[in-house]
Each structure stands twice: as C-alpha cells, then as structure tokens.
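Summary of structural features
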Amino acid sequence: MDPKRPFDEQMLRSLQGSLHLLLVTFIVGFAALILSWNKNYLSGIADEGEEPVLGAAVMTTEVTDDPTLWRPPDISTITDPQHKELVLYGRELIAHTAKYLGPKGSVMQISNGMNCQNCHLDAGTRPWGNNYGSVASTYPKWRARSGTIENIYKRVNDCLQRSLNGRPLDTLSREMQAIKAYLEFLGSNVEKGKRAEGSGLKDMPFLDRAADPERGKLVYEQKCQSCHQPDGSGLLNADGTEYIYPPLWGPNSYNDAAGLYRITHFAKFVKNNMPLGATYKNPLLTDEEAYDVAAYVNSQPRPHLPVPHDWPDISKKPIDHPFGPYADTFSERQHKYGPWKPIEEERKKLEAMASAADARSVK
Ligand code: HEC
Ligand code: HEC
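This one's a predicted model, so the numbers in the text were calculated from it and none came from an experiment.

With respect to the nonpolar core
Inside soluble globular proteins, nonpolar side chains tend to come together where they are buried. If you look at the biggest cluster of nonpolar residues, it comprises 57 residues, and the most contacted ones within it are Y182, V270, V293 and A294. Where this core is concerned, the elements lending two or more residues are α2 (81-95), α3 (97-101), α6 (152-161), α7 (174-186), α8 (213-223), β4 (243-245), α10 (263-273) and α11 (287-297). Element by element, the count of residues in this core is highest for α7, at eight residues. The contact partners of Y182, leaving out residues within four places of it in the chain, are V87, G90, R91 and I94.

Thoughts on α11
Taken across its 11 residues, α11 has nine buried, putting it largely inside the fold. What α11 keeps buried is the set E289, A290, Y291, D292, V293, A294, A295, Y296 and V297. Where the residues of α11 are buried, they touch α8, α10 and α12 (332-337).

Quick look at the site of ligand 1
Around ligand 1, the surrounding shell holds 24 residues, and the nearest of these are C116, C119, C159, S163 and G259. In terms of residue count, the dominant contributor to the shell around ligand 1 is α6 (four residues). Within the shell around ligand 1, the residues separate by chemical class into 14 nonpolar, nine polar and one charged.

Thresholds applied
- Each chain carries its own residue numbering, running from 1 in the direction its sequence is written.
- Both sets of labels track the order of writing: A upward for chains, 1 upward for ligands.
- Two thresholds apply to this predicted model, a pLDDT of at least 70 for residue-level local features and 80 or more for giving and counting side-chain atom pairs, whereas whole-chain, interface and lining totals are computed over all residues.
- Joined through C-beta atoms within 7 Å, a set of buried Ala, Val, Leu, Ile, Met, Phe, Trp, Tyr and Cys residues constitutes a nonpolar core.
- Around each residue's C-beta, the other C-beta atoms within 10 Å are counted; 20 or more make the residue buried, 12 or fewer make it exposed, and counts in between make it partly exposed. All C-beta atoms are placed from the backbone.
- Runs of E in the DSSP output that reach at least two residues are strands. Runs of H or I that reach at least four are helices, and both are numbered from the N terminus.
- Each residue is represented by a C-beta atom placed from its backbone, and any two residues with such atoms within 7 Å are regarded as in contact.
- We call a residue near a molecule or strand when the C-beta position, derived from backbone atoms, sits within 6 Å of it.
- Residues are sorted three ways: Asp, Glu, Lys and Arg are charged, Ala, Val, Leu, Ile, Met, Phe, Trp, Tyr, Cys and Pro are nonpolar, and all the rest, Gly among them, are polar.

Distances and angles like these do not, on their own, reveal function.
Rendered as structure tokens:
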C-alpha cells in the first residue's frame with residue numbers, strides 16, 4: 001500500500017474543490033462587473049443626454065432600499081387573476097399613459113402625450129418621487145382646492161385635466177377602474193388614515209429671497225435643456241407615441257391649474273429627482289437652483305385652464321398659489337415667486353385672529 005496515495009487523492013479533491021470555488025467566484029464576480037458597468041454606462045449616457053434613456057432605465061437602488069421609507073407591495077402576490085390583470089393594466093396606464101390616452105392613444109385621445117409616470121416616478125412608487133403610497137389610505141378626503149370631499153376618481157381626473165391638460169375619464173371605464181385598482185393595491189400596506197413615509201413630495205425650506213427666473217434660466221441651460229430641449233418642448237420617440245423627455249412648457253405641457261405650476265411643488269420635485277439620476281439621497285441641485293429653475297420654467301408659456309371654482313375659501317389658498325384674490329394684501333407676483341416667509345407670518349396672524357373671533361362668538 002502506498003501511504004501517499006490517499007493523501008494525493010485528498011489533495012486532488014481539495015484542489016478540485018478550490019478550483020470550483022474559484023470558478024464560481026469568477027463567474028459571479030464577472031456577472032456583477034457586467035451589471036455595474038451596464039448601470040454606470042446607462043447613467044453616463046443619461047447624464048450627457050446623448051441617447052434617449054427613460055427614467056426607469058437608470059433606476060437607482062440606493063433610494064429603494066431605505067427601510068425607513070414606504071415600499072409598494074409585490075404585485076405577484078395577488079392571487080385573483082382578474083384582479084391582478086386589472087392592477088397590471090392600471091400600472092401600465094400610469095407608466096405609458098400616452099400610448100393609451102395620448103394624442104395617438106390606442107384607447108381614446110384625451111390627454112397631452114405625457115405619462116403619469118413623468119411626474120410620479122417608477123409608476124408612482126419611488127421614494128420622494130411624488131409616489132402614490134398615501135392615496136389609498138387618505139382618500140376620500142376633504143380638499144380645500146375644490147372645497148369638497150374628493151374620492152380617488154376625482155383626484156385622478158384632476159391630474160388628467162390639469163397635469164395632462166386633458167379630459168376626464170368616465171368613472172366606470174375600464175381605464176379608470178384599473179388606475180383605481182392599482183392605486184388601492186399600492187396603498188394596501190398603509191394603515192387607513194396614515195401617510196406613508198416618503199410618499200408625495202419632500203418638504204423644503206423657503207428661501208429668504210424671491211425665486212429668480214433670470215438665475216433659473218442659467219440653471220436650465222446648464223442642467224436641463226440637454227434633455228428637455230432649449231424650447232422646453234421635450235423629445236418624442238420615433239413614432240410619436242410617447243415622450244422620451246417630457247415637455248416642461250409649451251402646448252403639450254401641464255396647464256396653469258396643475259400642481260407643478262406652483263413653484264414650491266416644482267422645486268420639491270426637481271430638488272429630489274432632477275436632473276435625471278438625482279435622488280433625495282444624492283440631490284444634484286442646491287435649494288436655490290431648484291427654486292430658481294422652477295421660477296424660470298413656470299414663467300414660460302403653457303396652456304391655460306379656467307378654474308373659477310377652485311379655492312372657494314380664499315384664505316385656504318396655498319401661499320405660493322399664483323392667482324388672486326387673496327385673504328392678505330400681498331401681490332400675485334409675491335405669492336407666485338416669493339419671498340414667502342412674510343406671507344407665512346401674516347397668514348399665522350390672520351389665522352390667530354380668526355380663531356380668537358370664533359372663540360368670542362361661541363361665548
Ligand atoms: C406634470 C406632472 C404630473 C403629471 C403628469 C401627473 N401628476 Fe398627479 N400629481 C402631480 C402633483 C404635483 C401632485 C400633488 C403632490 C402634492 O400635493 O403633494 C399630484 C397628485 C396626484 C395624486 C394625489 C396624491 C396624494 O398623495 O394625494 C394622484 C392620485 C395623482 N396625482 C394621480 C395622477 C394620475 C393618475 C396621473 C396620470 C393620469 C397623474 N397624476 C399625472 C403632478 C402630476
Ligand atoms: C438626462 C435627461 C434629463 C435631464 C438632464 C433633466 N431631466 Fe427632467 N426628466 C427627464 C425624464 C426622462 C423625465 C421623465 C421621467 C419618467 O418618465 O420616468 C423627466 C421629468 C421631469 C419633470 C416632470 C415631467 C414634466 O415634463 O413636467 C420635470 C418637472 C423635470 N423633469 C424637470 C427637470 C429640470 C428642472 C431639470 C434640470 C434641473 C431636468 N428635468 C433635467 C430627463 C431629464
């Protein structure tokens with residue numbers, strides 16, 4: 001018996017084992033390298049704006065794995081096939097609204113060619129990307145803009161008529177039912193009455209000065225126009241069915257009754273999401289740049305929607321609502337561009353006086 005033999009075999013086995021391990025490590029490592037290269041490559045393209053890349057393609061995981069913020073439930077957990085189909089159609093309508101409801105829409109032509117997802121990123125699921133996490137838990141609710149209790153249908157049609165400068169969907173249409181099913185599914189992991197952490201838009205402090213369209217123009221030229229174009233009209237895909245880069249002003253943009261037409265809303269959106277690739281964890285604009293570019297974009301021409309019944313109680317108008325009349329004496333210009341701190345202080349005084357008067361009349 002050769003005592004060396006078993007030893008050799010052992011050696012050989014363990015050598016084989018190590019080789020295996022090495023091979024597996026190599027394959028996994030190589031795959032990871034390819035993936036990360038691909039991601040950097042994509043965001044590299046997007047940064048320079050050379051090649052059309054949609055927001056979803058450069059989806060950054062750094063904002064989706066923050067455990068303190070709301071994440072959507074998983075659609076694959078829906079067991080009822082009909083319900084699942086409806087929810088998936090709803091998501092599709094949010095992500096690619098124009099394909100179905102835009103000027104060349106396959107179902108009907110009732111909107112401006114934008115997608116809901118252009119402003120509600122990742123089909124309304126991105127943390128601080130104006131997501132829908134709190135819709136199911138907080139609607140129906142009273143809204144000061146209409147002075148009524150609004151349900152999800154009304155809120156969806158609000159964005160259709162204002163942000164997509166279009167016409168409302170019939171409540172009973174399959175499209176509206178699908179959007180509602182999707183929004184309700186998204187919020188199904190949020191307690192009724194509560195707001196999901198990280199949903200909607202992230203608050204930002206007011207500047208001490210007015211937002212400045214002149215400075216904003218420079219920000220726009222340096223950091224936005226490569227994608228959104230010098231004339232703000234965005235960039236359509238080859239067959240004109242959907243925007244690669246959505247418009248920021250002009251005839252196909254949101255109208256002057258839309259939420260983004262308020263400078264604070266616009267600033268909050270871009271601060272945490274634009275230029276493409278920015279996130280709340282890694283913003284690419286200062287607060288000043290965000291406010292100034294908001295002022296520039298929102299001083300460009302866009303469709304007008306008359307909404308004479310908005311804000312029936314004028315004392316409830318948001319501070320930056322750009323159209324009078326107001327309960328205070330500040331000008332339309334100051335309401336639109338700021339500085340907002342003096343208006344905020346005045347409003348607090350008026351509210352204190354009103355509640356004191358209420359208290360007296362109760363006596
Ligand atoms: C041009 C940008 C834009 C587009 C496009 C847009 N929205 Fe909105 N949407 C907003 C803004 C801004 C808000 C208000 C955010 C706030 O008040 O915090 C909002 C709010 C909402 C809300 C209420 C969210 C909440 O938490 O209360 C719903 C629901 C909604 N949008 C649905 C839609 C649907 C459906 C579409 C497509 C048909 C759409 N939106 C397209 C900008 C947009
Ligand atoms: C690299 C290209 C790129 C750059 C640069 C860029 N954006 Fe965007 N922007 C996009 C894309 C793509 C979307 C739509 C996202 C989606 O649908 O997922 C978008 C959406 C928007 C929206 C909401 C939709 C709309 O059209 O109203 C606003 C507002 C916006 N961008 C403002 C800005 C501002 C301001 C800047 C400069 C500070 C900027 N963007 C820079 C690509 C870009």
